[in-house]
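Each chain, letter by letter, is given below.
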Amino acid sequence: MGCAINGVLPLPMPPRPLKPSSKSARLRQRFGRRLNAWKVTVGVVSGVNHLVSGSMNGSHRPMHGHGNEDVLAAQKVVLGNLLSESARFARGRREHSVPTGDRQAAVVRLVRAAREIEGYVRIVRSPPQVPMVAEAISEPSSELVVDMLEALPPREANFYKLESNCIDWKGKSQTILDELHQQYAFVGGSLDQYIAYFKRSNLPNNMWTWRHLSQCKAIGGFSVVPKKDGVTQRKLLMEVPLNYLLSDVRDRSHLGMDGAGALTRLSTQSGKFQVACCDQSNAFSYVQVPEWLSFYQATPPIPAGYVWEILPLHFKVGLDKSTLISACYNRLAMGCAHAVHILMSINMRSIGMSLRSSQLLTLMTPDPPDLPNLVDDDCAEAAHVLADEGLVDDEDEVSYGCSDELWHERRQ
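Remember, predicted model here, so these are calculated numbers, not experimental data.

Before going further, it helps to spend a moment on the overall build of the protein chain. A tally of helices and strands in the protein chain yields 17 helices and nine strands. By residue count, 33% of the 412 residues in the protein chain fall in the buried class. The long-range share in the protein chain, meaning contacts at least 24 apart out of those at least 6 apart in sequence, stands at 73%. Of the accessible surface of the protein chain, which amounts to about 26000 Å², a share of 54% is contributed by carbon and sulfur atoms.

Pasting the structure below:
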């Protein structure tokens, strides 16, 4: 056209189609299709003009090229192409439209937090808590546990060993703690199902410890949410009072929610990935916490007489059936603010040690000594020899390349 693009943009808005005066159904259908195409074109033109101005604010009045015939002709060609493409887009959207009911069902399947409520799809921000069914709550069937302090890296184990390191009363008050108890120390279900849960014969014996209410230092809520299978339930221990007293977990690590973002930033020339993943079942429930922490993971109290037949004999000595008692959780509560950090620390240490131990005595030295291919029982003997000769500072370095403390510091 021989004119600069700055003269063509911003584009004028296309004129709105005129509604036909005839009552012919065919003419009304044609008008409806033209109107839909016009609406799509207006949106595209508005977006282009916003890009030109660099702002989403302000109105864009029709421009007429200031009388320049070349500019007017160029604008006419651009608008004609946009109208044609918009009509094709609107026609394709009509052909592949989804019925309202099917669309709602698709959204519910696609968006995890979406729920169909009274014919509308709504985003439910809070977990979909359901009435408690004692026998449906999923729990480990074995009493095997992972000792938290033994599984953690040394730096974290030393921190969580002492109650004084974790509980921070600075800037906090007993009054606020009492208010949190009143709001969050509740049972998300009937009393009968709550008691029936503790009377289950398949609960691990080392999962709960009964204590007098006066001994408990924090009480959390007990509720359930449905699992993916729609039959079993997952218990939620809402440890809000405990979280109020705990120190800020971000001082230990700041994991964030970067997993999905990290995956979207990956790229490959071949267009293929080889991915390994692991899904832990009841992972938090297998981690046994130190005893001091269980005093802060108490559940809403009940009279001792409600569960008298399952109480240990030594606990019932001198105990009145009307005395309020609480079941204290001996495992890692998923509702604890430090739970994810603790579990990730255990996982990272275990995975790191497994990966390092799978390599045949790879040494972190510039000129490693010549060693035979030692595996299994020979590793321990090789570790002693290298440590005695001063080739490594720690026997752990033979198997894992470095000591636990040094490995943890590198990971941090």
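Backbone hydrogen bonds hold the strands of a sheet together, and the pairing may be parallel or antiparallel. On the basis of which strands lie adjacent, the open sheet formed by three strands has the order E4-E9-E8 and antiparallel pairing. Either end of the sheet is taken by a strand with one partner, and the two such strands are strand E4 (208-212) and strand E8 (302-303). Bridge analysis of E4 against strand E9 (residues 324-329) gives five bridges, and the strand direction is antiparallel. Note that in E9 the partner of Arg211 across the bridge is Ser326.

Between its first and last C-alpha atoms helix H2 (residues 25-53) spans 42 Å; for 29 residues at 1.5 Å apiece the expected length is 42 Å, and the two agree. Here H2 has its buried residues at Phe31, Leu35, Ala37, Trp38, Val40, Thr41, Val45, Asn49 and His50. A positive phi of about 75 degrees marks Gly54, the residue just after H2.

For the rest of this paragraph, the subject is the state of the cysteines. Following the criterion strictly, the structure yields zero disulfides and no others. With no disulfide of its own, Cys336 lies 8.9 Å from the sulfur of Cys166, the closest cysteine sulfur. Judged by its relative accessible area of 6%, Cys336 falls in the buried class.

In this section: the confidence of the model for the protein chain. In this model, the protein chain carries an average pLDDT of 81, and 76% of its residues clear a pLDDT of 70 or more. Taken as a whole, residues 365-378 scores under 50 in pLDDT and shows 13 contacts with residues more than four places along the chain or in a different chain.

The full count for this structure, using the stated rule, is twelve aromatic pairs. With 5.3 Å between their ring centres and 80 degrees between their planes, Phe198 and Trp208 make a pair best called edge-to-face. On the criterion of sequence distance, the pair formed by Phe198 in helix H9 (residues 191-198) and Trp208 in strand E4 is long-range, its members being ten residues apart. Accessibility classification places Phe198 together with Trp208 in one group, the buried group. Through a chain of ring-to-ring contacts, three or more aromatic side chains come together here, namely Tyr194, Tyr197, Phe198, Trp208, Trp210, Phe222 and Tyr329. The ring of Phe159 carries the charged tip of Arg252 above its face, separated from the ring centre by 3.9 Å.

Taken together, Leu255, Val340, Met344 and Met348 make up a surface patch of nonpolar side chains, about 310 Å² in accessible area. Note on placement: Val340 falls in helix H14 (residues 339-357).

Moving on, we come to a positive patch on the surface. Taken together, the side chains of Arg26, Arg30, Arg33 and Arg34 define a basic patch exposed on the protein surface. Assignment of secondary structure puts Arg33 in helix H2.

Turning our eyes to something else, we now look at the pattern of salt bridges. Applying the stated criterion to the full structure yields eight salt bridges. With a closest N to O distance of 3.1 Å, Arg155 and Glu156 form a salt bridge. Among the residues examined, Arg155 registers a relative accessible area of 33% and is labelled partly exposed. You can call Glu156 buried: its relative accessible area is 1%. A salt bridge links Glu156 to Arg252; the nearest nitrogen and oxygen atoms lie 3.0 Å apart. Taken as a pair, Glu156 in helix H6 (residues 154-160) and Arg252 in the loop between helix H10 (240-245) and helix H11 (259-264) lie far apart in primary sequence, 96 residues in all. The exposure class assigned to Arg252 is buried, which follows from its relative accessible area of 12%. Among the ionic contacts, a cluster of salt bridges with common partners joins Arg155, Glu156 and Arg252.

This next bit is on the side chain of Arg331. Here Arg331 lies in the loop between E9 and H14. The charged side chain of Arg331 is buried without a salt bridge, its nearest counter-charge being Glu139 at 6.8 Å. A distance of 2.4 Å separates a polar atom in the side chain of Arg331 from the backbone oxygen of Ser285.

Each value, and the rule that gives it
Residues numbered from 1 in each chain as written. Predicted model: local features only at pLDDT ≥ 70, side-chain atom pairs only at ≥ 80, totals over all residues. Heavy atoms only, no water. Helix = DSSP H or I, 4+ residues; strand = E, 2+ residues; numbered from the N terminus. Buried < 20%, exposed > 50% of the residue type's maximum accessible area, 1.4 Å probe, protein only. Contact = heavy atoms within 4.5 Å. Areas by Shrake-Rupley, 256 points an atom, 1.4 Å probe, with all protein chains shown as cover. Pairing = 2+ DSSP bridges. Expected span 1.5 Å × (residues − 1). Disulfide = S-S within 2.5 Å. pLDDT = per-residue confidence, 0-100. Phe/Tyr/Trp six-rings, centres within 6.5 Å; stacked < 30°, edge-to-face > 60°. Lys NZ or Arg CZ within 6 Å of the ring centre and 35° of its normal. Patch = residues over 30% accessible without salt bridge, like charges linked within 9 Å, V, L, I, M, F, W, Y side chains within 5 Å. Salt bridge = Lys/Arg side-chain N within 4 Å of Asp/Glu carboxyl O. Lys, Arg positive; Asp, Glu negative; His and termini not counted. Charge placed at Lys NZ, Arg CZ, Asp CG, Glu CD. Polar contact = N/O pair within 3.5 Å; in protein donor to acceptor, adjacent residues only side chain to side chain.

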